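Read off the chains here:
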Amino acid sequence: MTPPEHRTEPHPRTRPRVVVYGAGSIGCHLGGSLAATADVTLVGREDAMRVIDTEGVTLTGGGRPARHTPAGALRTATGPEAVAGADYVLVTVKSADTAGVARRMAAHLDPGTVVVSFQNGLRNAAVLTTALGGHAVLAGMVPYNVLRDGPGAFHQGSGGALMLDDRPQAADLVTALRAGGLPVQPRTDMREVQHAKLLMNLNNAINALSGLPLRDQLGERSYRACLALCQGEALAAFRAAGVRPARLGTIPAAWTPAVLRLPDALFRRLAGASLRIDAQARSSTWEDLRRGRPTEIDDLQGAVVALAARHGLPAPANSRLITLIRLMEAAGPEQARSWRGPDLLAEIAAPRR
């Protein structure tokens with residue numbers, strides 16, 4: 001792989017220079033979408049960047065025509081020095097890697113570079129702010145799932161608008177994202193948005209354990225009842241912490257556990273939008289387990305368990321799912337078990353001694 005400083009610039013410098021740090025599925029989706037409107041560098045693992053250098057990036061799904069960015073139209077890099085000169089650094093690494101990435105890139109950031117966390121979990125923007133001192137750090141949220149479905153190919157399986165802090169430093173990035181075909185909502189309530197996204201992401205582990213596509217899994221009442229248990233524990237912890245999650249869809253967050261428990265036919269009538277997911281869509285936790293990578297369970301179910309504990313509340317369903325996912329991580333993809341909905345519900349609802 002050619003170091004970024006030796007690559008020919010593919011675009012005039014008049015466009016924003018964007019570095020995507022953590023070019024996995026979400027990172028390549030964002031970078032590929034921005035390729036027509038910004039000067040993009042993808043930073044990722046050497047083997048993954050070698051594929052991009054050969055195949056380019058192909059994006060499908062999301063209600064948009066397929067688009068291909070050819071090899072050479074995107075810079076690639078594997079180290080933190082690539083952030084030098086960037087206008088924006090979009091951080092898309094797994095939550096467990098955030099602090100380390102921040103330390104590594106801190107010495108290379110220009111004073112005016114804006115860092116944006118497009119990551120799952122509640123704490124990443126704060127971790128970046130602490131590690132990066134005076135740099136502007138914005139919280140962002142990606143509402144849809146993206147899976148790699150071939151060399152350099154990434155499929156968006158559901159819809160929704162990106163969200164990020166409504167601050168002046170975000171203006172050029174918002175313009176570039178919208179010009180690249182991505183809907184964006186600047187928000188003044190990103191703390192509440194992130195808590196609402198966490199409620200949604202509590203399904204990631206359930207989907208991974210089911211072994212089913214998201215649409216099929218969410219179509220079964222027993223799996224939804226598992227999610228309702230997890231969300232009920234999270235909502236109790238949020239109330240104790242004084243947090244009211246943002247309303248991101250047609251149903252208020254506080255009503256969601258009850259809606260999830262409805263019979264399938266009634267659920268489809270009241271919450272059909274949640275099933276408008278294409279047949280390929282699966283959770284990032286499913287993809288991590290399938291590829292033998294660590295999951296983000298500690299920043300999803302783990303965040304709920306930790307917050308509940310701080311307020312003296314139990315979170316047994318979320319705790320049990322952490323255990324089940326860790327067992328699958330340890331077993332490896334070849335030994336992964338697929339749980340039937342009734343069995344999984346009985347497993348996480350059973351009282352523990």
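Please read these numbers as outputs of a predicted model, since none were measured by experiment. Along each chain, the written sequence defines residue order, and numbers are assigned to residues from 1. Local features are withheld for residues below a pLDDT of 70 in this predicted model, meaning they are given only at 70 or higher, and side-chain atom pairs are given and counted only at 80 or more; totals for whole chains, interfaces and linings count all residues. Heavy atoms throughout the structure, all of them, feed into the side-chain values; hydrogens and water do not.

A. View of the packing of aromatic side chains. A pair of aromatic rings is counted whenever rings of Phe, Tyr or Trp (Trp by its six-membered ring) have centres within 6.5 Å, and the orientation is called stacked for planes under 30 degrees apart, edge-to-face for over 60 and tilted otherwise. This structure, assessed with the given rule, holds zero aromatic pairs. Seen from the ring of phenylalanine 267, arginine 224 lies directly overhead, with NZ or CZ sitting 4.0 Å from the centre. Two conditions define a charge sitting above a ring: the NZ of Lys or the CZ of Arg must be within 6 Å of the ring centre, and it must be within 35 degrees of the ring normal. Seen from the ring of tryptophan 286, arginine 282 lies directly overhead, with NZ or CZ sitting 4.4 Å from the centre.

B. Local environment of the sheet that holds strand β4 (residues 67-69). Strand order in the open sheet formed by four strands is β4-β3-β10-β9, with mixed pairing between adjacent strands. For this open sheet the edge positions go to β4 and β9 (146-150), each flanked by a neighbour on one side alone. Adjacent strand axes in the sheet meet at a mean angle of 25° when their direction is disregarded. Here a strand pair is declared whenever DSSP counts at least two bridges between the two strands. Under the scheme used here, helices are H or I runs from DSSP no shorter than 4 residues and strands are E runs no shorter than 2 residues, and both carry numbers assigned from the N terminus. In terms of strand pairing, strand β3 (residues 57-61) meets strand β10 (residues 153-156) through four bridges, oriented parallel. Note on β10: the bridge partner recorded for leucine 59 is phenylalanine 154. Contacts are assigned to residue pairs that have any heavy atoms within 4.5 Å of one another. Helix axes are fitted to C-alpha atoms over the stretch in contact, other axes to C-alpha atoms as well, and angles between N-to-C directions run from 0 to 180 degrees. Docked against the sheet, helix α1 (residues 25-34) engages β3, β4, β9 and β10, running at close to 100° with respect to β3.

C. Structural detail: the packing of helix α14 (residues 316-331) against helix α15 (residues 341-349). As a packed pair, α14 and α15 sit with axes 8 Å apart at the nearest point and diverge in direction by 115°. Where α14 abuts α15, its residues Pro316, Ala317, Arg320, Leu321 and Leu324 lie against Leu344, Glu347 and Ile348. Class assignment of the residues belonging to the contact of α14 with α15 gives a composition of six nonpolar, no polar and two charged. Lys, Arg, Asp and Glu make up the charged group, whereas Ala, Val, Leu, Ile, Met, Phe, Trp, Tyr, Cys and Pro make up the nonpolar group; the residues left over, Gly among them, are polar.

D. Structural context of the sheet that holds strand β2 (residues 39-43). In space, the eight strands of this open sheet follow the order β5-β2-β1-β6-β7-β8-β11-β12, with mixed pairing throughout. Unpaired on one side and paired on the other, β5 (75-77) and β12 (184-187) mark the two borders of the sheet. Averaged over all neighbouring strand pairs, the angle between strand axes comes to 25°, with direction disregarded. For strand β7 (residues 114-117) and strand β8 (residues 137-141), the ladder comprises three bridges, and the chain directions are parallel. Bridge assignment links serine 117 to a residue of β8, and that residue is alanine 139. Helix α2 (residues 46-55) rests against β2 and β5 of the sheet, and its axis sits at about 165° to β5. The sheet strands contacting helix α3 (residues 98-106) are β1 (17-21), β6 (88-91) and β7, and the helix crosses β1 at an angle near 140°.

E. Representation of the pattern of salt bridges. What makes a salt bridge here is a side-chain nitrogen of Lys or Arg within 4 Å of a carboxyl oxygen of Asp or Glu, nothing more. By the definition in use, this model includes 13 salt bridges. Two residues, aspartate 39 and arginine 75, come together in a salt bridge whose shortest N-O distance is 2.3 Å. In this pair, aspartate 39 sits in strand β2 while arginine 75 sits in strand β5, placing the two residues 36 residues apart along the sequence. Take aspartate 39 and arginine 75: they sit in the same class, and that class is buried. Close ionic contact of glutamate 347 with arginine 320 constitutes a salt bridge, the shortest N to O distance being 2.4 Å. With glutamate 347 in helix α15 and arginine 320 in helix α14, the pair connects residues that are 27 residues apart, well separated along the chain. Residue exposure (1.4 Å probe, protein chains only): buried if accessible area is under 20% of the type maximum, exposed if over 50%, otherwise partly exposed. You can call glutamate 347 buried: its relative accessible area is 18%. Members of the salt-bridge network, linked through shared partners, are Arg17, Asp39 and Arg75.

F. View of the side chain of asparagine 203. With respect to the element layout, asparagine 203 can be found in helix α7 (residues 203-210). For asparagine 203, a relative accessible area of 6% translates into the label buried. A polar side-chain atom of asparagine 203 sits 2.8 Å from a polar atom in the side chain of glutamine 217. In the analysis that follows, any N or O atom pair within 3.5 Å is treated as a polar contact, provided that within protein one partner can donate a hydrogen and the other can accept it, and provided that, for residues neighboring in sequence, both atoms belong to side chains.

G. Molecular detail of the nonpolar core. By nonpolar core we mean a set of buried residues, namely Ala, Val, Leu, Ile, Met, Phe, Trp, Tyr and Cys, connected to one another through side-chain atoms within 4.5 Å. Within the largest apolar cluster, 46 residues are counted, with the highest numbers of intra-cluster contacts made by Leu202, Ile206, Leu209, Phe238, Leu321 and Leu344. The dominant element in this core, judged by the number of residues it contributes, is helix α9 (residues 221-241), at nine residues. Setting aside its immediate chain neighbours within four residues, phenylalanine 238 contacts His195, Leu198, Leu199, Val243, Pro245 and Leu307. Counting 35 residues, the second-largest nonpolar core is a separate cluster that includes Leu74, Ala176, Leu177 and Leu182.

H. Inspection of the pairing of β1 at higher detail. A large share of β1 lies buried, amounting to five of its five residues. In β1, alternate side chains face the same way, and those of Arg17, Val19 and Tyr21 on one face and Val18 and Val20 on the other are all buried. Pairing of β1 with β2, which is carried by five bridges, proceeds in the parallel orientation. From the neighbouring strand, valine 18 faces β2, where its bridge partner is valine 40.

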